[in-house]
Amino acid sequence: QQADEHEYRLAPGTDEALLTYFTKLPKGPAFGNGRTARQTFESMVERHAGRVAALTEASTDDLTLLYPEDLPDLP
């Protein structure tokens, strides 16, 4: 939902990677579903921006697709 709202799309395999990420994510007493989802999306956008910044020419797909490698590392 957040990706759609910010005009990003999920590349093939990213939805499965997200499911795996959230399944493996430690869920302590301070865990919050919405907050964690927002923080994960923000981290993905930051990593995406770093990846795209290294490109000499970026296509529309380069600018809008989030890939599994954009997921943050698990704590």
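Below is a summary of the structure that appears in this document.

Analysis parameters
- Residues numbered from 1 in each chain as written.
- Predicted model: local features only at pLDDT ≥ 70, side-chain atom pairs only at ≥ 80, totals over all residues.
- Heavy atoms only, no water.
- Helix = DSSP H or I, 4+ residues; strand = E, 2+ residues; numbered from the N terminus.
- Buried < 20%, exposed > 50% of the residue type's maximum accessible area, 1.4 Å probe, protein only.
- Axes fitted to C-alpha atoms, helices over the stretch in contact; angles between N-to-C directions.
- Parallel < 35°, antiparallel > 145°, perpendicular 65-115°, else oblique.
- Left-handed = near helix turned anticlockwise from the far one by under 90°.
- Contact = heavy atoms within 4.5 Å.
- Nonpolar A, V, L, I, M, F, W, Y, C, P; charged D, E, K, R; others polar.
- Phe/Tyr/Trp six-rings, centres within 6.5 Å; stacked < 30°, edge-to-face > 60°.

**What about unusual backbone geometry?**
With phi around 60°, Glu7 is a residue other than glycine that occupies positive phi space. Assignment of secondary structure puts Glu7 in the loop between helix 1 (2-5) and strand 1 (9-10). By relative accessible area, which is 65% here, Glu7 ends up exposed.

**Points about the packing of helix 2 (residues 14-24) against helix 3 (residues 33-53)**
Look at helix 2 against helix 3: their axes get within 12 Å of each other, and the N-to-C directions meet at 130°. The pairing of helix 2 with helix 3 is recorded here as oblique in orientation. Two packed elements cross with a definite hand, and for helix 2 against helix 3 that hand is right-handed. Here Thr14, Leu18, Tyr21 and Phe22 of helix 2 lie close against helix 3, whose contacting residues are Thr36, Ala37, Thr40 and Met44. For the contact of helix 2 with helix 3, the residue count by class is five nonpolar, three polar and no charged.

**A short note on the packing of aromatic side chains**
Where two aromatic rings form a pair, the distance of their centres and the angle of their planes describe that pair. Counted by the stated rule, this structure contains two aromatic pairs. Here Tyr8 and Phe41 contribute two aromatic rings whose centre-to-centre distance is 5.9 Å and whose plane-to-plane angle is 75°, an arrangement assigned as edge-to-face. Within this pair, whereas Tyr8 is found in the loop between helix 1 and strand 1, its partner Phe41 is found in helix 3, the two being separated by 33 residues in sequence. No difference in accessibility class separates Tyr8 from Phe41, as the two residues are buried. Both rings, one in Tyr21 and one in Phe22, keep their centres 5.5 Å apart while their planes meet at 80°; by these two values the pair is edge-to-face. Looking at Tyr21, the relative accessible area reads 9%, which means it is buried. By relative accessible area, which is 26% here, Phe22 ends up partly exposed.

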